[in-house]
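Structural overview
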Amino acid sequence: MKMKSFVPCITTAVALFTTFALAANSFAGSNLYYAAGLSSATRGTLLDALQGTGVKVLRVWLDGQSQSQKGTTIDPFPDLEPVTIGTYNDTVLERLDDFMIDAQAHGIKLLISMHSFNALQAGDIYGQIYGTGYFYEQTTPQQQFDARLEHVLNHVHTSLGKPWKQLSDYIFAFEASENEAMIGKGQQYIEDHQSWQCDRASMTKSVLGDNSDILVVTGGECWMDESVQPDCDALDVISIHAYGAGDFATSSIQTYLAISTRENDDCPTGGALDTNTRNSNIKTWASQIDAAGVPWLYWQIIPNADPHYGYDYEIGVGDASWSPFQAAALAAGQATAVFDYSEYLL
Ligand SMILES: *[C@@H]1O[C@H](CO)[C@@H](O)[C@H](O)[C@H]1NC(C)=O
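Residues numbered from 1 in each chain as written. Predicted model: local features only at pLDDT ≥ 70, side-chain atom pairs only at ≥ 80, totals over all residues. Heavy atoms only, no water.

With omega at -20°, the peptide bond leading from Trp299 into Gln300 counts as cis. Mapped onto the fold, Gln300 is located in the loop between strand 6 (296–298) and strand 7 (301–302). Even without being glycine, Glu180 reaches a positive phi, approximately 50°. With respect to the helices, strands and loops of the structure, Glu180 is situated in the loop between strand 4 (171–175) and helix 6 (187–192). (Helix = DSSP H or I, 4+ residues; strand = E, 2+ residues; numbered from the N terminus.)

Structure follows, in structure tokens:
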């Protein structure tokens with residue numbers, strides 16, 4: 001399914017991916033970095049709500065969480081490599097085994113992010129040993145991280161009895177590298193280390209095989225230019241994370257044409273917007289992204305009332321911003337996409 005195609009009428013030729021199709025529908029998704037901590041009841045609340053909006057993809061992370069997040073009570077879980085690199089605690093994978101079955105029953109596939117800059121910077125085992133520089137620069141951590149990728153891809157689902165790399169009915173994509181890899185280090189550093197992203201994607205692709213129906217994607221950066229880096233055969237989709245509202249202009253997105261954004265305000269600071277501003281931003285930005293023919297994943301829908309903590313982008317199911325989100329997600333499902341993702345969605 002390797003298909004990169006140049007799309008006409010785009011001024012900047014950036015490497016593109018997946019089939020160019022005239023009649024494909026776009027879609028909306030959401031993110032929940034602590035999905036593995038949800039009780040089955042809370043998971044049900046979230047998935048029922050998302051299903052009602054036609055959301056197709058939920059992006060989840062593997063980093064451990066020790067306490068409640070964003071007002072959501074969670075069952076804590078450790079990092080995949082809690083103490084020693086290469087010694088895995090599969091709790092997070094096993095939790096996601098259950099999650100993906102329930103998600104699929106709601107018409108939703110998972111996008112699995114393998115690691116995050118956030119965890120590295122916060123001092124997980126890779127951060128403790130290598131910090132945020134050597135991790136990307138030295139051979140040993142690259143090999144160790146590749147082993148982690150292999151471990152995840154080969155994790156045998158506890159009830160389905162098959163490895164994740166074969167579960168295309170449940171998994172939309174693997175984010176081969178990381179959430180916002182190198183984000184703290186600036187665009188020049190990211191450009192200079194593009195090969196880090198590409199090598200991890202190649203590793204993932206080699207385990208998945210060329211005919212996998214699971215996509216290999218990047219984990220975004222801070223703004224549009226910074227997000228669109230790797231020109232790499234192993235990558236199917238470049239994810240754009242953009243915190244600056246200007247990046248959400250249709251013309252700006254059309255410059256690059258990719259998948260996935262966050263509808264945030266600042267990078268990475270910002271407080272709560274008043275409800276009217278927020279609701280109007282959701283509507284405007286979502287429709288601008290739809291007009292560019294690109295799917296988007298909201299950061300993030302949470303299964304409880306939003307406590308409005310700092311960096312406040314969340315929407316709780318049933319909050320004042322829920323119905324604008326719902327309308328925006330339903331509209332995305334009716335919008336025309338530049339790339340045809342249908343074979344990867346439920
Ligand atoms: C993995 O983590 C769980 C949850 O913290 C813990 O109960 C279990 O003992 C750990 N397993 C191993 C092998 O360390």
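Relative to the helices and strands, Gly44 resides in helix 1 (residues 40–52). Exposure remark for Gly44: the relative accessible area of 15% places this residue in the buried category. Through-space distance from the C-alpha of Gly44 to that of Asp102 is 7.9 Å; in sequence the pair is 58 residues apart. (Buried < 20%, exposed > 50% of the residue type's maximum accessible area, 1.4 Å probe, protein only.)

This part covers the confidence of the model for the chain. The predicted model of the chain has a mean per-residue pLDDT of 86, with 86% of residues at 70 or higher. A low-confidence stretch, residues 1–21 (pLDDT under 50), is modelled with 62 contacts involving residues beyond four sequence positions or located in other chains. (pLDDT = per-residue confidence, 0-100. Contact = heavy atoms within 4.5 Å.)

Closest axis-to-axis distance for the helix 5 (residues 139–153)/helix 7 (residues 194–208) pair is 10 Å, and the angle between their directions is 35°. Our pair here, helix 5 against helix 7, has a crossing hand that is right-handed. Contact residues: helix 5 offers Gln142, Phe145, Asp146, Leu149, Glu150 and Leu153, while helix 7 offers Trp196, Arg200, Met203, Thr204, Val207 and Leu208. Tallied by class, residues from the contact of helix 5 with helix 7 come to seven nonpolar, two polar and three charged. (Axes fitted to C-alpha atoms, helices over the stretch in contact; angles between N-to-C directions. Left-handed = near helix turned anticlockwise from the far one by under 90°. Nonpolar A, V, L, I, M, F, W, Y, C, P; charged D, E, K, R; others polar.)

What follows is about the pattern of salt bridges. This structure, assessed with the given rule, holds eight salt bridges. Among the ionic pairs, Lys205 bridges to Asp236, the shortest N-O distance being 2.8 Å. In this pair, Lys205 is assigned in helix 7 and Asp236 in the loop between helix 8 (224–227) and helix 9 (250–254), connecting sequence segments 31 residues apart. Across the pair, Asp236 and Lys205 agree in class, each one buried. (Salt bridge = Lys/Arg side-chain N within 4 Å of Asp/Glu carboxyl O.)

In globular proteins that are soluble, nonpolar side chains generally tend to be buried together. The biggest cluster of nonpolar side chains holds 88 residues, and the ones touching the most others in it are Phe99, Ile112, Trp164, Trp296 and Phe325. Counting residues in each nonpolar core, the second largest holds 14 residues, with Ala173, Leu297, Val338 and Phe339 among its members. (Core = buried A, V, L, I, M, F, W, Y, C linked by side-chain atoms within 4.5 Å.)

A separate point is the sheet that holds strand 6. The parallel open sheet is built from six strands, whose spatial order is 5-4-3-2-1-6. Looking at the sheet topology across the chains shown, the edges are occupied by strand 5 (215–217) and strand 6. Averaged over all neighbouring strand pairs, the angle between strand axes comes to 25°, with direction disregarded. By the bridge criterion, four bridges tie strand 1 (residues 28–32) to strand 2 (residues 57–60) in an arrangement that is parallel. In the sheet register, Gly29 faces strand 2, and the bridge partner there is Val57. The strands touched by helix 11 (residues 322–334) are strand 1 and strand 6; relative to strand 6, the strand with the most contacts, the crossing angle is about 160°. (Pairing = 2+ DSSP bridges.)

Here Asp306 is to be found in the loop between strand 7 and strand 8 (315–316). For Asp306, a relative accessible area of 9% gives the class buried. Looking at Asp306, its side chain comes within polar contact range of the main-chain nitrogen of His308, at 2.8 Å. (Polar contact = N/O pair within 3.5 Å; in protein donor to acceptor, adjacent residues only side chain to side chain.)

Moving on, we come to the site of the ligand. Around the ligand, the surrounding shell consists of Pro78, Asn89 and Thr91. Contacts to the ligand include Thr91, whose side-chain N or O atom sits 3.3 Å from an oxygen atom. Considered on its own, the ligand offers 360 Å² of accessible surface; in the complex 26% of this is hidden by protein. (Near = heavy atom within 4 Å. Areas by Shrake-Rupley, 256 points an atom, 1.4 Å probe, with all protein chains shown as cover.)

Two numbers describe a pair of aromatic rings. These are the distance of the centres and the angle of the planes. Using the criterion set out here, one finds 17 aromatic pairs in the structure. Between the aromatic rings of Phe27 and Tyr341, the centroid separation amounts to 5.5 Å while the plane-to-plane angle is 80°, which identifies the pairing as edge-to-face. With Phe27 in the segment before strand 1 and Tyr341 in the segment after helix 11, this residue pair connects regions lying 314 residues apart in the sequence. Residue class for Tyr341 comes out buried when judged on its relative accessible area of 0%. When the centroid spacing of 5.6 Å and the interplanar angle of 45° are considered together, the rings of Trp61 and Trp299 count as tilted. With Trp61 in the loop between strand 2 and helix 2 (91–105) and Trp299 in the loop between strand 6 and strand 7, this pair connects stretches of sequence that are 238 residues apart. Among the residues examined, Trp299 registers a relative accessible area of 8% and is labelled buried. Three or more aromatic residues joined by ring pairs form one cluster here, namely Tyr126, Phe135, Tyr136, Phe145 and Trp196. The lysine or arginine in question, Arg43, covers the ring of Phe99, its NZ or CZ lying 6.0 Å from the ring centre. Note that Lys185 overlies the ring of Tyr189, its terminal NZ or CZ placed 4.9 Å from the centroid. (Phe/Tyr/Trp six-rings, centres within 6.5 Å; stacked < 30°, edge-to-face > 60°. Lys NZ or Arg CZ within 6 Å of the ring centre and 35° of its normal.)

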